[in-house]
Amino acid sequence: MRVGILTGGGDAPGLNAVIRAFVKRATVQLGWEVWGIEDSFNGLFAERRRVWRLGPLDCRGLLARGGTVLGTTNRGDPFDYPSAHGSRTDRAAELAQAVRELGLDGLVCIGGDGTQRIAWRLMQAHGVPVVGVPKTIDNDLEATDSTFGFQSAVAVATDALDRLHDTAESHDRVMLLEVMGRDTGHIALEAGLAGGADAILIPEIPYRPGRVASKIHLRRAIGRAFSIVVVAEGAVPHALREADPAARKQALDDAGGAAGLAMASLRPLVDAEIRAVVLGHVQRGGSPIPADRVLATRFGVVAADLVQAGRWGQMVRLRHGVVDGVPLAEATRRVRPVDIDGEKVKVARAVGATFGDMA
Ligand code: F6P
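Here's a quick rundown of the structure. (Residues numbered from 1 in each chain as written. Predicted model: local features only at pLDDT ≥ 70, side-chain atom pairs only at ≥ 80, totals over all residues. Heavy atoms only, no water.)

Judged by nonpolar contacts, the single largest core of 32 residues is most densely connected at Val179, Ile187, Ile200, Ile202, Ile228 and Phe355. Of all the elements in the fold, those that place two or more residues in this core are helix 4 (150-171), strand 8 (174-179), helix 5 (186-194), strand 10 (227-232) and helix 11 (343-350). Among the elements that make up this core, the one with the highest residue count is helix 4 (eight residues). If we ignore the near neighbours within four places in the chain, the residues touching isoleucine 202 are Gly185, Ala188, Ala232, Ala235, Val338 and Phe355. Listed in part, the 31 residues of the second largest apolar core include Val23, Val108, Leu295 and Ala304. (Core = buried A, V, L, I, M, F, W, Y, C linked by side-chain atoms within 4.5 Å. Buried < 20%, exposed > 50% of the residue type's maximum accessible area, 1.4 Å probe, protein only. Helix = DSSP H or I, 4+ residues; strand = E, 2+ residues; numbered from the N terminus. Contact = heavy atoms within 4.5 Å.)

Looking now at the environment of leucine 161. Within the secondary structure, leucine 161 is located in helix 4. Remark: the alpha-carbon pair of leucine 161 and arginine 317, spanning 156 residues in sequence, is separated by 30 Å. In this view, leucine 161 contacts Leu177, Ala191, Gly192, Gly195, Ile228 and Val230; residues no more than four positions away in its chain are not counted.

As a further point, take the sheet that holds strand 2 (residues 33-37). The strands that make up a sheet are held in pairs by hydrogen bonds between backbone atoms, and each pair lies either parallel or antiparallel. On the basis of which strands lie adjacent, the open sheet formed by seven strands has the order 3-2-1-6-7-12-13 and mixed pairing. On the outer flanks of this sheet lie strand 3 (51-54) and strand 13 (322-327), each paired with one strand and no other. Each neighbouring strand pair of the sheet contributes to a mean axis angle of 30°, computed without reference to strand direction. For strand 7 (residues 130-134) and strand 12 (residues 314-319), the ladder comprises two bridges, and the chain directions are parallel. Bridging across to strand 12, glycine 132 finds its partner in methionine 315. Here helix 1 (residues 15-29) sits on the sheet in contact with strand 1 (2-7), strand 2, strand 3, strand 6 (106-111) and strand 7, set at roughly 175° to strand 1. (Pairing = 2+ DSSP bridges. Axes fitted to C-alpha atoms, helices over the stretch in contact; angles between N-to-C directions.)

By the secondary structure assignment, valine 326 is in strand 13. Separated by 93 residues in sequence, valine 326 and glutamate 233 place their C-alpha atoms 30 Å apart. When near neighbours in sequence (up to four residues on either side) are disregarded, valine 326 contacts Ala143, Gly313, Gln314, Met315, Arg317 and Ala331.

Attention now goes to the site of the ligand. Surveying the vicinity of the ligand reveals the residues Asn74, Arg75, Ile137, Asp138, Met180, Gly181, Arg182, Glu233, His281 and Arg284. At 2.6 Å, a side-chain N or O of aspartate 138 approaches an oxygen atom of the ligand. Within the side chain of glutamate 233, an N or O atom sits 2.6 Å from an oxygen atom of the ligand. Coverage of the ligand by the protein amounts to 75% of the 400 Å² it exposes when considered alone. With respect to the pocket detection grid, the ligand is positioned in the largest pocket. (Near = heavy atom within 4 Å. Polar contact = N/O pair within 3.5 Å; in protein donor to acceptor, adjacent residues only side chain to side chain. Areas by Shrake-Rupley, 256 points an atom, 1.4 Å probe, with all protein chains shown as cover. 1 Å grid on protein atoms, 1.4 Å probe; cavity = no way out; pocket = protein on both sides within 12 Å on 5 of 7 lines; lining within 4 Å. Sits in = over half its atoms within 2 Å of the grid points.)

A full pass over the atoms with the stated rule returns two aromatic pairs. Measuring from centroid to centroid gives 4.9 Å for phenylalanine 45 and tyrosine 81, while their planes differ by 65°, and the two rings are edge-to-face. Residue phenylalanine 45 is located in the loop between strand 2 and strand 3, and its partner tyrosine 81 is located in strand 4 (residues 81-82); the two are separated by 36 residues in the primary sequence. Across the pair, tyrosine 81 and phenylalanine 45 agree in class, each one buried. Between the aromatic rings of phenylalanine 148 and phenylalanine 299, the centroid separation amounts to 6.1 Å while the plane-to-plane angle is 75°, which identifies the pairing as edge-to-face. Taken together, the positions of phenylalanine 148 in the loop between strand 7 and helix 4 and phenylalanine 299 in helix 9 (residues 290-308) put the pair 151 residues apart, joining distant regions of the chain. Assigned by exposure class, phenylalanine 148 and phenylalanine 299 land together as buried. The cationic tip of arginine 91 hangs over the ring face of phenylalanine 45; the distance from NZ or CZ to the ring centre is 4.0 Å. Here the basic side chain of arginine 91 rests over the ring of tyrosine 81, its NZ or CZ set 5.1 Å away from the ring centre. (Phe/Tyr/Trp six-rings, centres within 6.5 Å; stacked < 30°, edge-to-face > 60°. Lys NZ or Arg CZ within 6 Å of the ring centre and 35° of its normal.)

A few words on the pattern of salt bridges. For the structure shown, the criterion picks out 25 salt bridges. Taking the shortest distance from any N to any O, the salt bridge between arginine 2 and glutamate 33 comes out at 2.7 Å. A residue pair is termed long-range when its members are at least 10 positions apart, and arginine 2 in strand 1 and glutamate 33 in strand 2 qualify at 31 residues. Under the relative-accessibility criterion, arginine 2 is labelled partly exposed at 28%. With its nearest N and O atoms 3.7 Å apart, the salt bridge here joins aspartate 113 to arginine 117. (Salt bridge = Lys/Arg side-chain N within 4 Å of Asp/Glu carboxyl O.)

Moving on, we come to the layout of surface pockets. Empty space within the largest pocket amounts to approximately 1100 Å³. Taken together, 41 residues form the lining of the largest pocket, with Asn74, Asp138, Arg182, Asp183 and Glu233 sitting closest to its centre. Elements that contribute at least two residues to the lining of the largest pocket include exactly helix 3 (113-126) and helix 7 (245-254). For the lining of the largest pocket, the residue count by class is 11 nonpolar, 15 polar and 15 charged. Each of two domains, domain 1 (2-148 + 288-319) and domain 2 (153-284 + 339-350), supplies a minimum of three residues to the lining of the largest pocket. If you add up the space inside the second largest pocket, you get close to 230 Å³. Along the wall of the second largest pocket there are 15 residues; nearest its centre are His186, Leu189, Glu190, Arg336 and Lys344. Elements with a contribution of two residues or more to the lining of the second largest pocket: helix 4, helix 5 and helix 11. (Points joined across faces, edges and corners; volume = space filled by probe spheres on them. Nonpolar A, V, L, I, M, F, W, Y, C, P; charged D, E, K, R; others polar. Domains from an automatic or database assignment.)

Set out below in structure tokens:
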């Protein structure tokens, strides 16, 4: 058996741990050849082919290392590939040809929903056998209960909240921290819980600035002159709840992001200094926390098990504590938003955090 492995989409702490686990299981225990493909599917194109054989010695130090040694990109869908002249072409058949030329029996594709969709299309349209491994710090894939990288990102965001807490308290300021999450608020919610945020603003619950301001005033009235607000990058005020995605994006861009928009809407309502911090890609880098190393290792080993069992067209996932496979056709269908009636939102409210929707 000869299998290719690649990483696609934005990176996440734990990608190297998956590569390590897959390579160890596949080469040492199962006796296969594993070939690493660089920069997602792009490393298969003839003009920039970059593939190299991976063995256990290449895995030294990978468990704890952030990023991905294979490189990645979240640009360049092979079915809609940008050419130098600005036009776009379908180059997927070239990838299938490359897989055949390299004598690969199939590909293990580690990536988010975009990568999994491409992998599944490659299998359907061109017969390339694929197994998917889900990845995203956003934790927004419906098909898996959790993705590695998420808890590491939450740890970084929580650490930032702790630090902001200190300086906010010293200066009696309102501190806003913008965190990632694309169109969902999982990172904001978990970091908000772990970091004791006073307000948690997420895309799933459009906020009313007046309600957030009330919370800040209430705290001041009881002698807590500072407040901490965590803002998911997709969070918008209630006034924009029905705006189409383009108008929302424009409003966010105009304000310099979700924290900027929240700051602008709170300024006229709050008699305190407000500062906004955008955490950005710091959340994606660094060593994965132990829980993510464990999950990534489980995903890598089960990916090899799926290949061994001939279960091509499946994606590894965690469901009810067990790592198994789910058909890729189902896996790429839905994004999982924060459950706004769920336990975590209730718990956050119970300890006094506002989502800006209730007084
Ligand atoms: O999906 C992961 C993620 O980090 C999102 O949280 C964020 O919106 C996006 O990727 C950022 O992408 P880029 O690396 O292209 O700026």
